[in-house]
Amino acid sequence: MAHFDTSGLAPAQADLEAQGIDVVRLGYSDIIGTDRGRDVLVNRFGRTVGGGVAFCRSVYGTTPGGGVVDIDGGMNAGLPDVVAFPVLETMQPVPWEPGVAHCIADVFNPDGSPSQESPRQVLKRVVEQFAELGMSPICGPELEFYVLEPNEKAPNGWARYGEATGNVYVSGLRGDPENVLLSSLRQLGDYGLEVVAANHEFSSGQFEINLWHSDALDSADRAHRFKAAVKELARKLGKLATFMAKPFNDEGGSGFHIHFSMWSDDGAALFDDPDSADGLSQVAHWAIGGILAHAPALAALHNPTINSFKRFGPDTLAPWLIDWGLDNRSAMVRIPPERGKASRLELRLGDASANPYLATASLLAAAYLGVRDKIEPAEPLVGYGYDPERSEMLPTTLSAALDALEADTELRDVLGDVFVKTFLTYKRDEINRFQSFITDWEFAEYTYHL
């Protein structure tokens, strides 16, 4: 039976009561990044959560359609429990729900060991391996999303909010006629997410909100909360916010870019070297080399849906090849022009459907392997990318990406083999379900002429 440090629960309860908060929403990420959880009354908070709050372990096998995938240790083991225990330093009042605070939980097995399927625990495992090298990873997430509004004339019942062309990088009512973005930015700013700026993106109804950089675990916590919060705020307005990779045939996809650097324990920026030809240190080059070497497997976690791979292709500004470049947005790994303490890389591989914990963990795992194994990258891309004669292509389907992840034993070892097996089982079930489903495209293509 798990035994947790409960010394902070009574002070936390007293602090919540003093703020007029009577409910704590205890939440954690499942495999696909959905915030699962339970509302707990504050007047019984310490008693309720002291031994951990139990959930069925098969929450990690629950699909968006409500099915349950038989992961190892799930249905075949009689549907046993995992337990969630609050990470009290993550407690945040929810600005748009008076009287409610959200608290992120870590998930454990009943014996107190970390749940190896838990995305947050996967990331913590990778960060601990960096600590053994005396290095601290820093990340800054950038997430794009679409806002939709109900429309009875649309085939699926939803149309893009604020439909208009050419509104990339505009702000104000021109691209946001009801000030949805501005209202959301203010409320997210009050939610402790360290959001810093927002703008209309390239496509109609598409927006981006930037989050400030911080240590990798905090960065992923904030990105996870951000995605859930954006969707909640849209629901309050009768709209739908989606982080789906490519929801429309006639518009581009939504990306999840991660800016990444490393710092030493004594506060030195480990990616900076003013004496090198490109201003980047040897450690930075090794990190880039590791990301490139493990890119096919990374695609499974940064592009985790069947829909993800419809975002890729030439001239999409989504990477198509395994390459890197200096201030080059057509490369998979872009090196922004700043140096000194701002020296960093930007991984542009991910789409917005990626789980922030898993995207961050896999990026760090590949960089860790690059530093550990001193992997040198190829020469950087010069000019516009998308020429498959210059660099190897990324996987073009989810199935190919999953195969690459399964074959990458080094990355699996860093992430944890139990997690990887669960992820592969879950995602291959998704592919099997899709392959037996008749799509609208098939009906339109075949019924009349065949």
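Residues numbered from 1 in each chain as written. Predicted model: local features only at pLDDT ≥ 70, side-chain atom pairs only at ≥ 80, totals over all residues. Heavy atoms only, no water.

**So, the overall build of the protein chain**
What counts is decided by this rule: The helix and strand labels rest on DSSP assignments: H or I over at least four residues marks a helix, E over at least two residues marks a strand, and numbering proceeds from the N terminus. Throughout, a contact is declared for two residues whenever any of their heavy atoms are within 4.5 Å. Under the convention used here, a 1.4 Å probe and the Shrake-Rupley method define accessible areas, while residue burial counts only the protein chains that appear. His residues and chain termini do not enter the charge count, which takes Lys and Arg as positive and Asp and Glu as negative. Taken as the charge centre is NZ of Lys, CZ of Arg, CG of Asp or CD of Glu, depending on the residue.
Counting its secondary structure elements, the protein chain contains 12 helices and 16 strands. For the protein chain, the spread of C-alpha atoms along the three principal axes comes to 65 × 60 × 50 Å. Once local pairs closer than 6 in sequence are excluded, the contacts in the protein chain between residues at least 24 apart make up 70%. Carbon and sulfur atoms make up 52% of the accessible area of the protein chain, which amounts to about 19700 Å² in all. With 37 positive and 63 negative side-chain charges, the protein chain shows a spacing of 4 Å between the two charge centroids.

**Description of helix α7 (residues 295-302)**
Keep this limit in mind: Any residue under 20% of the maximum accessible area for its type is buried, any over 50% is exposed, and the rest in between are partly exposed; the area is computed with a 1.4 Å probe on protein chains only.
Of all eight residues that make up α7, seven are buried, and the element is covered over most of its length. Those residues of α7 that sit buried are A295, A297, L298, A299, A300, L301 and H302.

**Observations concerning the pairing of strand β1 (residues 23-29)**
For clarity, the cut-off: Pairing between strands is defined by DSSP: at least two bridges between the two strands are required.
With respect to burial, β1 is a largely interior element, six of its seven residues being buried. Where β1 and strand β2 (residues 35-41) come together, seven bridges link them in antiparallel fashion. When the bridges of β2 are listed, Y28 appears paired with R36. Hairpin remark: β1 followed by β2, antiparallel, with five residues in the connecting loop; positive phi at G33, about 95 degrees.

**Thoughts on the domain arrangement of the protein chain**
Where we set the bar: Segmentation of the chain into domains, including their bounds, is taken from an automatic or database domain assignment. Once two parts are put together, the accessible area they lose, assessed with a 1.4 Å probe and summed over both, is termed the buried area. When a carboxyl oxygen of Asp or Glu is within 4 Å of a side-chain nitrogen of Lys or Arg, the pair counts as a salt bridge. Polar contact criterion, stated in full: a pair of N or O atoms within 3.5 Å, where within protein one must be able to donate a hydrogen and the other to accept it, and residues adjacent in sequence count only if both atoms are side-chain atoms.
The domain architecture assigned to the protein chain consists of domain 1 (8-115) and domain 2 (125-160 + 203-436). A straight line from the C-alpha centre of domain 1 to that of domain 2 covers 27 Å. In this complex, domain 1 contributes 24 residues to the contact, which on the side of domain 2 involves 20 residues. When the two sides are added together, the surface that domain 1 and domain 2 hide from each other amounts to roughly 1700 Å², 63% of it contributed by carbon and sulfur. The interface formed by domain 1 and domain 2 contains zero salt bridges. Taken together, the connections running from domain 1 to domain 2 amount to seven residue pairs in polar contact (both at pLDDT 80 or more). Secondary-structure elements contributing two or more residues to the side of domain 1 that touches domain 2 are β1 and β6 (100-108). Residue contributions to the side of domain 1 that touches domain 2 peak at three residues, all from β6.

**Quick notes on the environment of C103**
Tracing the chain through its elements places C103 in strand β6. Sequence separation of C103 and R225 is 122 residues, and the distance between their C-alpha atoms is 9.9 Å.

**Remarks on the packing of aromatic side chains**
Basically, it comes down to this: Two aromatic rings, drawn from Phe, Tyr or Trp (for Trp, its six-membered ring), form a pair once their centres lie within 6.5 Å of each other, and the interplanar angle then sorts them: stacked below 30 degrees, edge-to-face above 60, tilted otherwise.
Evaluation of the coordinates by the stated rule reveals 16 aromatic pairs. Relative to F85, the ring of F4 lies with its centre 4.5 Å away and its plane at 15 degrees, an arrangement referred to as stacked. Residue F4 is found in the segment before α1 (9-18), and its partner F85 is found in strand β4 (residues 81-86); the two are separated by 81 residues along the sequence. Considered together, F4 and F85 belong to a single accessibility category, that of buried residues.

**Here we look at the nonpolar core**
Burial of nonpolar side chains together is a common tendency in soluble globular proteins. Put simply, the rule is: Put simply, a nonpolar core is a bunch of buried Ala, Val, Leu, Ile, Met, Phe, Trp, Tyr and Cys residues held in one set by side-chain atoms that sit within 4.5 Å of each other.
Within the largest apolar cluster, 123 residues are counted, with the highest numbers of intra-cluster contacts made by F145, F226, F260, I291 and L415. The greatest single-element share of this core, amounting to 12 residues, is contributed by helix α8 (residues 356-373). Taken together, domain 1 (8-115) and domain 2 (125-160 + 203-436) each give at least three residues to this core, which thus spans both. Apart from residues lying up to four places away in sequence, F226 is in contact with L143, F145, L188, L193, V195, I209, L211 and F243.

**Describing the UniProt feature "domain: GS catalytic" (unreviewed entry) in the protein chain**
We apply this condition: UniProt positions are given in the numbering used here, feature names are shortened, and annotations may be inferred rather than shown by experiment.
The positions that UniProt labels "domain: GS catalytic" (unreviewed entry) are, in the present scheme, residues 119-450. Split by type, residues 119-450 is 38% helix and 16% strand. Its first and last C-alpha atoms lie 46 Å apart.

**A short note on the pairing of strand β10 (residues 206-211)**
Most of β10 is tucked away: six of the six residues are buried. Summarising the sheet, strand β9 (residues 195-200) and β10 pair through five bridges and their orientation is antiparallel. The partner of V195 across the bridge, within β10, is L211.

**Observations regarding unusual backbone geometry**
Despite not being glycine, L79 has its phi angle at roughly 60 degrees, a positive value. Note that L79 resides in the loop between β3 (53-56) and β4. L79 sits in the partly exposed class, given a relative accessible area of 43%. Here Y169, not a glycine, exhibits a phi torsion of approximately 65 degrees, which is positive. Position of Y169 relative to the elements: it lies in the loop between β8 (158-160) and α4 (180-189).

**Some thoughts on empty space enclosed by the protein**
Keep this limit in mind: Using only the protein atoms, space was sampled on a 1 Å grid; points where a 1.4 Å probe fits but cannot get out form cavities, open sets with protein on both sides within 12 Å along at least five of seven lines form pockets, and lining residues are those with an atom within 4 Å of a point. Grid points are joined across faces, edges and corners, and a volume is the space filled by probe spheres set on the points. Basically, the charged four are Asp, Glu, Lys and Arg, the nonpolar ten are Ala, Val, Leu, Ile, Met, Phe, Trp, Tyr, Cys and Pro, and anything else, Gly included, counts as polar.
In the structure shown here, the tally under the stated rule is two cavities of 30 Å³ or more. Empty space within the largest cavity amounts to approximately 80 Å³. What lines the largest cavity is F145, V147, V180, L181, S184, F207, V230, L233, A234, L237 and A241. Of all the secondary-structure elements, those providing two or more residues to the lining of the largest cavity are β7 (135-150), α4 and α5 (216-236). Per-class residue counts for the lining of the largest cavity are 10 nonpolar, one polar and no charged. Here the second largest cavity is characterised by a volume of approximately 50 Å³. If you go around the second largest cavity, the residues you meet are G27, Y28, S29, D35, I104, A105, V107, S118, P119, R120, H224 and Y357. Elements with a contribution of two residues or more to the lining of the second largest cavity: β1, β6 and α3 (119-131).

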